[in-house]
Amino acid sequence: MNLPRVIADVDTGIDDALALVWLGCLHERGRIQLSVTASAGNCSVEDAARNSNAVLRLTGANVRAIPGLDGPRELPLTTTPETHGPRGLGYWQGHRVEDEPDSGQSLLDAWRRAQPTHILIAGPATNLAYVLDHDPELLQGTEVTLMTGAFNYPGNTTPTAEWNAWVDPHALKHVLSIWPASAPRLSICPLNVTETVLLTPDRLERMLQNVPAGHEGLIDLLSEATRFYFEFHQSVGAGYQAQIHDLAAAQVLLAEALDLPIGHQFRSATVDAEAQSELTRGTTVADWDGGYWHREPNAQILRQIDAEAVINNLEAELREGCME
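In this text the structure is predicted, and so the values were computed from the model without any measurement.

Asks: An account of the side chain of Arg203 is needed here, citing residue identities and associated values.
Replies: Relative to the assigned elements, Arg203 resides in helix H9 (residues 201–209). Within the structure, Arg203 has its side chain in polar contact with the side chain of Asn312 (distance 2.4 Å).

Asks: So, the sheet that holds strand E6 (residues 186–189): which residues are in play, and what are the values?
Replies: Taken together, the nine strands give an open sheet; going across it, the order is E3-E2-E1-E4-E5-E6-E11-E9-E10, and neighbouring strands pair in mixed fashion. Looking at which strands have only one partner, the edges of the open sheet turn out to be strand E3 (65–67) and strand E10 (284–287). On average, adjacent strands in this sheet sit at an angle of 30 degrees to one another, irrespective of strand direction.

Asks: So what about the pattern of salt bridges? Which residues, and what values?
Replies: Within the structure shown, the criterion is met by 18 salt bridges. In this structure, Arg57 engages Asp99 in a salt bridge whose closest nitrogen and oxygen atoms are separated by 2.8 Å. One end of the pair, Arg57, is in helix H2 (residues 45–59); the other, Asp99, is in the loop between helix H3 (81–84) and helix H4 (107–114), and 42 residues separate them in sequence. With relative accessibility at 1%, the residue Asp99 sits in the buried group. Ionic pairing is found between Glu308 and Arg203, a salt bridge with its closest N-O pair at 2.7 Å.

Asks: Pulling in residues and values, what's your account of the packing of aromatic side chains?
Replies: Under the criterion given, the structure shown has four aromatic pairs. With 5.1 Å between their ring centres and 70 degrees between their planes, Tyr91 and Phe228 make a pair best called edge-to-face. One end of the pair, Tyr91, is in the loop between H3 and H4; the other, Phe228, is in helix H10 (residues 216–235), with 137 residues separating them in the sequence. In this structure Tyr91 comes out as partly exposed when scored by relative accessible area, which is 34%. Consider the rings of Phe151 and Trp288, whose centres lie 6.2 Å apart with planes at 65 degrees: the pair is edge-to-face. Residue Phe151 is found in the loop between strand E5 (143–147) and helix H6 (163–167), and its partner Trp288 is found in the loop between E10 and strand E11 (299–304); the two are separated by 137 residues along the sequence. Per residue, the accessibility class of Phe151 equals that of Trp288, and both read buried. Seen from the ring of Trp166, Arg281 lies directly overhead, with NZ or CZ sitting 3.6 Å from the centre. The lysine or arginine in question, Arg303, covers the ring of Trp288, its NZ or CZ lying 4.5 Å from the ring centre.

The rules we used
Residues numbered from 1 in each chain as written. Predicted model: local features only at pLDDT ≥ 70, side-chain atom pairs only at ≥ 80, totals over all residues. Heavy atoms only, no water. Helix = DSSP H or I, 4+ residues; strand = E, 2+ residues; numbered from the N terminus. Polar contact = N/O pair within 3.5 Å; in protein donor to acceptor, adjacent residues only side chain to side chain. Pairing = 2+ DSSP bridges. Axes fitted to C-alpha atoms, helices over the stretch in contact; angles between N-to-C directions. Salt bridge = Lys/Arg side-chain N within 4 Å of Asp/Glu carboxyl O. Buried < 20%, exposed > 50% of the residue type's maximum accessible area, 1.4 Å probe, protein only. Phe/Tyr/Trp six-rings, centres within 6.5 Å; stacked < 30°, edge-to-face > 60°. Lys NZ or Arg CZ within 6 Å of the ring centre and 35° of its normal.

Structural measurements only, silent on function.
Right, dumping it as structure tokens:
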């Protein structure tokens, strides 16, 4: 059987970490072949790689994150310590020496070596835009899913913009503008849908009770990181719970390959992003029926997902998949 060859490109804050836990467990169980690269967004690219390595180590996955570009395409980097903590994983500070980033391999070499069938972009589109410029053939036949954007829906960074799109709007606009017509359409998981995937303290506690003995480090990471995330969401009026955006996008990416019943539905559209106006920076716009721009669709936008199933799938992997 040919395993899905997955690249997770992550700016590992807290919801990225939950996606990596799920993917790392799948890798350990031999259901996917995982490679990880880091982008700058929630935290610096070095911290994103360091955090990714820590998460992967605690799932038992023998995978090392490769740092990508150290900042957006044209703008200075903005990070989110108020959302994800000073280093990206909330209150958790359990890094080890072996979690330090390895800069011996370039982003492009890492993607070429992985020969991906599936790519998750769980942060800004910086690294994807770079690879598209330097080796577009690598993306032919590859399923690419981005957690980005908001469509006819309030943003979480400005009134109209979602965080990943806002951090590097030039990269996202570039990808959308030159995406090869011969490649599969981009799958976009927007804020409208990913905000519905909610993790509550009670559900997390039940989930962690099912983690096999001997995984205290993973339990500690998930507890301390999500406690910070719960507090952040409460501080912005969303209640003492957490929106797990990137886990949803990871499961959408692999739903068909792994036969995941997550009730997801798409709608095709032509998508663009605003990169010039500071007022509407990062705003994503969809021409749903092509009647305005008269351009072929370049994306399929997630419109619906079974949020409970997404959390159930994470719980199942924590119970069955993670190893020392």
